[in-house]
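# Fold and geometry: a report
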Amino acid sequence: MAPVVSKRIKTLSVRRPILYGNTAKKLGEIRPANAPVEHTHLWTIFIKGPQNENISYFIKKVVFKLHETYPNPTRVIEHPPFELTETGWGEFDINVKIYFVDEANEKMISFYHRLRLHPYTMSATGTKLPGTDITITESGEVRSIFYDEVVFNEPNENFFKILMSTPGNLLPSNKTEDCIFSKQLEREEIDRIDMAMEKVDKEIEELKQKLAVGITE
Amino acid sequence: MSGSDVFDVLNIKYKGKISEHEGTTSNPISSSSSAVAVNRPAKMQVTGMQRELYNLLGENQPPIVIQPNTKFKEKLNNTNKASPWIHSQFTANKYVTLEHWTKGPKSEDGIPESNFTKYDIHLSIPEFSEEEYNSFMNPQTKSTESNETDNKPEHKWSYVEILYLFGLCRRYDLSWFVIYDRYNFGEEKSLEDLKEMFYEVCRKYFLAKDPNDTTLSLLDYKKDKEVERKKYLKRLLSRSAAEIAEEEALIIESKKFEMAAKKTLSERESILRLLDSPNSDQSVAQYMSSQGIAQLYNNLLSDKARKRKHENGIPENPWMKQQQQFAQQRHHQLQQGGDKRVDANSMNKKNKKQKYDAQTAMKKKGDAEYAEQLLQQFNDEERKALGVTAHGEKLSPGVYLRSTKISTFKPALQNKVVTVLQEIDMPTRPAMPSYEVILRYEKLLKRIVTLIDLKKHLDKLDAEKAITK
């Protein structure tokens, strides 16, 4: 792991969208042999590209830190797919650490994901209300998936070359049932924010006037 | 020192000795003892040590002047004849004759008027006969029966009483308290009754005389108000000490409120100024681009900094400033005259910051150019596909998740922001924190903060109003 000495390219940033989250299913008749009796759900936590593309060219490994009650709670995934399947009965926060390839010469990033096993939001099957992060598919699979972007601000030249050699930001143009994160959703989000902005602007204007009147009185 | 002194010191009589030297010495003092004794008796008084002292003083001895310092008041020499003062009579008014002392001879033609008669001016109170009175009091209903107007208060008054009232008014020059005191006609009447009647009659009198008189309204007397006023005054004067103390305490409290109000008013003004600083009547289009936003932000920031400086700063001493300028100029001149190297050195120091700024700007520009060069091979679409942007700003290098860079605020404010977000149906974390979404989301957050700030100030204003009410 020799540090790669390379100049950073200033004023430039490269972004790579990722999806992270978990899927969960109730354990039916078929149980993994080693699953404890009290475990009720089979779940999988993962980090992946928006279209399941290869992300290992910039991610070296992913470390999931599970609840301490699990044997060997720190699970290291060094090869794609970066996912971990386990059984369990409860929800807890999983610490996710993403390590980047050596060429990047970047620190790892760490964040938490709350494992979801139960569909608490009572929305209709398959539909995802914006702002809620849990969906349930027709097959009864609970999903809690987030979109995020890994931003490499001022990457070094070597890593920049690697990043540029692979098109990495391809969002599907439309929502699908399998993956709702798409250009379409992005557009919708922007529209929603714009509308909210208008509302707030209107209120600001009203308050301004009220204040002006109040002061002159 | 003369020889006589030696004899003097030795207590030797020298009269005989001197006669020996007679004729040989030219000194007039020691020429002859008899001559000295006879011709210069004044000079001879100064002898011994005293004469020595005078010798020390030299030729120009200052004259000792004895001044008589006893000054007496000049003797009065008045040759005028004393003017006569007489005790004479004068008429104070047409009823009273008094006496006083006056200068000059007694006047021949009877009792003179007082010098102050010209100040004895009386009000002109209207006079009228009974007929006139009846005509101007009820001009329309003169011919009709007086039953209709009987219930009006002024018609309880007979002409005789009116006449009596006016007589008193004339006599006491509308000194109402005196009039009220002297009034003794029929049933008891209040001061206000008297006043009301008087002004009522006067008004009607003048109205009949000249309806267009503009001063008529001055004769409008409102009895109810006057009674009320006196009632209030009575109550005000009959307060107990405890009540007065309470009132004073309240006044102090209210003053405190006023002070606080003034303070908040100035605060609010500054906030309004802050709000208005990006001219609100201009289009927001120019601030829509990210460059525009940055510019606006900088404007606001500098504005704020300037204002704060202005408010907190101690007023500059113009004299100090000038002195500094002088010192600087002198410094420059010295340097120009002196070593060139020193000059360059100090100039360097002075311009170091500027140079540094320029350098970083250049570097930044260079960086931006370099980044731009790297990206030259890609067009916009490709750049988007590759997820690469040249933002041209100085951000800390490194890797991060975009969603972690969403602004957060102080806990109290954050809670409010979240509440507003819920009200307008927005999530606290956008479902898709992509570059463009976050850009807009940040804008939204900023506006929400402004909104909350405004709300706070409006609430404050309302509370103040409630208090002042």
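Conventions we followed
Residues numbered from 1 in each chain as written. Chains lettered and ligands numbered in written order. Predicted model: local features only at pLDDT ≥ 70, side-chain atom pairs only at ≥ 80, totals over all residues. Heavy atoms only, no water. Helix = DSSP H or I, 4+ residues; strand = E, 2+ residues; numbered from the N terminus. Buried < 20%, exposed > 50% of the residue type's maximum accessible area, 1.4 Å probe, protein only. Contact = heavy atoms within 4.5 Å. Phe/Tyr/Trp six-rings, centres within 6.5 Å; stacked < 30°, edge-to-face > 60°. Lys NZ or Arg CZ within 6 Å of the ring centre and 35° of its normal. Patch = residues over 30% accessible without salt bridge, like charges linked within 9 Å, V, L, I, M, F, W, Y side chains within 5 Å. Areas by Shrake-Rupley, 256 points an atom, 1.4 Å probe, with all protein chains shown as cover. Salt bridge = Lys/Arg side-chain N within 4 Å of Asp/Glu carboxyl O. Polar contact = N/O pair within 3.5 Å; in protein donor to acceptor, adjacent residues only side chain to side chain. Buried area = accessible area lost by both parts, 1.4 Å probe. Nonpolar A, V, L, I, M, F, W, Y, C, P; charged D, E, K, R; others polar. Pairing = 2+ DSSP bridges. Axes fitted to C-alpha atoms, helices over the stretch in contact; angles between N-to-C directions. Parallel < 35°, antiparallel > 145°, perpendicular 65-115°, else oblique. pLDDT = per-residue confidence, 0-100. Left-handed = near helix turned anticlockwise from the far one by under 90°.

Before going further, it helps to examine the overall build of chain A. Helices and strands together make up the secondary structure of chain A, namely two helices and nine strands. Order of helices (α) and strands (β) in chain A, N terminus to C terminus: β-β-β-β-β-β-β-β-β-α-α. Counting every position in chain A, which comprises 217 residues, the buried fraction comes to 47%. Partitioning the contacts of chain A with sequence separation of at least 6, the portion at a separation of at least 24 is 63%.

Turning our eyes to something else, we now look at the packing of aromatic side chains. Using the criterion set out here, one finds 25 aromatic pairs over all chains in the structure. Between the aromatic rings of F128 of chain B and Y133 of chain B, the centroid separation amounts to 5.8 Å while the plane-to-plane angle is 20°, which identifies the pairing as stacked. Y133 of chain B matches F128 of chain B in its accessibility class, with the two residues each being buried. If you follow K61 of chain A out to its NZ or CZ, it ends over the ring of Y99 of chain A, 4.7 Å from the centre.

Turning our attention to the environment of F160 of chain A. Residues and elements named next belong to chain A. Relative to the elements of secondary structure, F160 occurs in helix α1 (residues 157–165). Its relative accessible area of 4% is what places F160 among the buried residues. Sequence separation between F160 and V14 is 146 residues; the distance between their C-alpha atoms is 8.1 Å.

The grouping of V6, V9, L10 and I12 of chain B at the surface amounts to a nonpolar patch, some 370 Å² of accessible area in total. With respect to the helices, strands and loops of the structure, V9 of chain B is situated in helix α1 (residues 3–10).

Inspection of the secondary structure puts N156 of chain A in the loop between β9 (142–153) and α1. A polar side-chain atom of N156 of chain A sits 2.9 Å from the main-chain amide nitrogen of F159 of chain A.

Listed by partner, the interface residues are 58 residues for chain B and 59 residues for chain A. Interface area, chain B with chain A, both sides summed: about 5,400 Å², of which 66% is carbon and sulfur. Where chain B touches chain A, the interface holds three salt bridges. Between R447 of chain B and D201 of chain A there is a salt bridge, with its nearest N and O atoms 2.4 Å apart. When its residues are assigned to classes, the side of chain B that touches chain A shows 33 nonpolar, 11 polar and 14 charged. In this sheet, strand β3 (residues 388–389) of chain B lies alongside strand β1 (residues 13–26) of chain A in antiparallel orientation, the contact comprising two bridges. Counterpart to S13 of chain A in the pairing with β3 of chain B is T389 of chain B.

Now for the pattern of salt bridges. Summed over all chains, the structure comprises 24 salt bridges over all chains. For D93 of chain A, the salt bridge goes to R114 of chain A, with nearest N and O atoms at 2.8 Å. Of the two residues, D93 of chain A is situated in strand β6 (residues 93–100) and R114 of chain A in strand β7 (residues 109–114); the sequence distance between them amounts to 21 residues. For R114 of chain A, a relative accessible area of 37% corresponds to the partly exposed category. For E226 of chain B, the salt bridge identified is with R229 of chain B, shortest N-O distance 2.9 Å. One end of the pair is E226 of chain B and the other is R229 of chain B, both in helix α11 (residues 223–237) and three residues apart, which spans about a single turn. The exposure class of E226 of chain B is buried, given its relative accessible area of 16%. What you see here is one network of salt bridges that share partners, running through R15 and E149 of chain A together with R402 of chain B.

On to the packing of helix α17 (residues 411–423) of chain B against helix α18 (residues 435–468) of chain B. All names here are of chain B. Look at α17 against α18: their axes get within 10 Å of each other, and the N-to-C directions meet at 110°. The angle between the axes of α17 and α18 places the two elements in the roughly perpendicular class. For the pair α17 and α18, contact is made by L413, K416, V417, V420, L421 and E423 and by Y441, L444, L445, I448, V449, L451, I452 and K455, respectively. Split into classes, the residues belonging to the contact of α17 with α18 amount to 11 nonpolar, no polar and three charged.

The next subject is the confidence of the model for chain A. For chain A, mean pLDDT is 80; residues scoring 70 or higher make up 87% of the total. Long-range and interchain partners of residues 122–131 of chain A, a stretch whose pLDDT sits below 50, account for 11 contacts in this model, where long-range means more than four residues apart.

Another aspect to go through is unusual backbone geometry. Glycine aside, negative phi is the norm for most residues, and most peptide bonds take the trans geometry. Residues and elements named next belong to chain A. Here the residue pair P80 and P81 is connected by a cis peptide bond, since its omega of -5° sits within 30 degrees of zero. When you line up the elements, P81 lands in the loop between β4 (74–77) and β5 (82–88). A positive phi angle, close to 45°, is found at N72, a residue other than glycine. Relative to the assigned elements, N72 resides in the loop between β3 (59–65) and β4. By relative accessible area, N72 is classed as exposed at 60%. The phi dihedral of E154 falls on the positive side, at around 50°, and the residue is not glycine. Here E154 is to be found in the loop between β9 and α1.

Examined against the element boundaries, K416 of chain B turns out to sit in helix α17. K416 of chain B sits 32 residues away from I448 of chain B along the chain, and the two C-alpha atoms are 9.1 Å apart.

All names here are of chain B. Scored by pLDDT, chain B has a mean of 74; 69% of the residues are at 70 or more. Low pLDDT, under 50, characterises residues 17–42; the stretch is placed with 11 contacts to residues that sit more than four places away or in other chains. A low-confidence stretch, residues 141–154 (pLDDT under 50), is modelled with eight contacts involving residues beyond four sequence positions or located in other chains. Predicted complex, confidence summary: ipTM 0.80, pTM 0.46.

Here the focus is the pairing of β6 of chain A. All names here are of chain A. By the bridge criterion, six bridges tie β3 to β6 in an arrangement that is antiparallel. Following the sheet pairing, V62 is matched in β6 by I98. As defined by bridge partners, β6 adjoins β7 across six bridges and the pair is classed as antiparallel. Bridged to D93 within β7 is R114.

All names here are of chain B. Checked against the element boundaries, T450 lands in helix α18. By relative accessible area, T450 is classed as partly exposed at 28%. Considered as a pair, T450 and L275 are 175 residues apart in the sequence and their alpha carbons are 8.7 Å apart.

Taken N-terminus to C-terminus, the directions of helix α2 (residues 183–216) of chain A and α18 of chain B make an angle of 20°; their axes are 9 Å apart at the nearest point. It follows from the interaxial angle that α2 of chain A and α18 of chain B lie roughly parallel. α18 of chain B is crossed by α2 of chain A, and the crossing has left-handed handedness. When its residues are assigned to classes, the contact of α2 of chain A with α18 of chain B shows 17 nonpolar, three polar and 13 charged.

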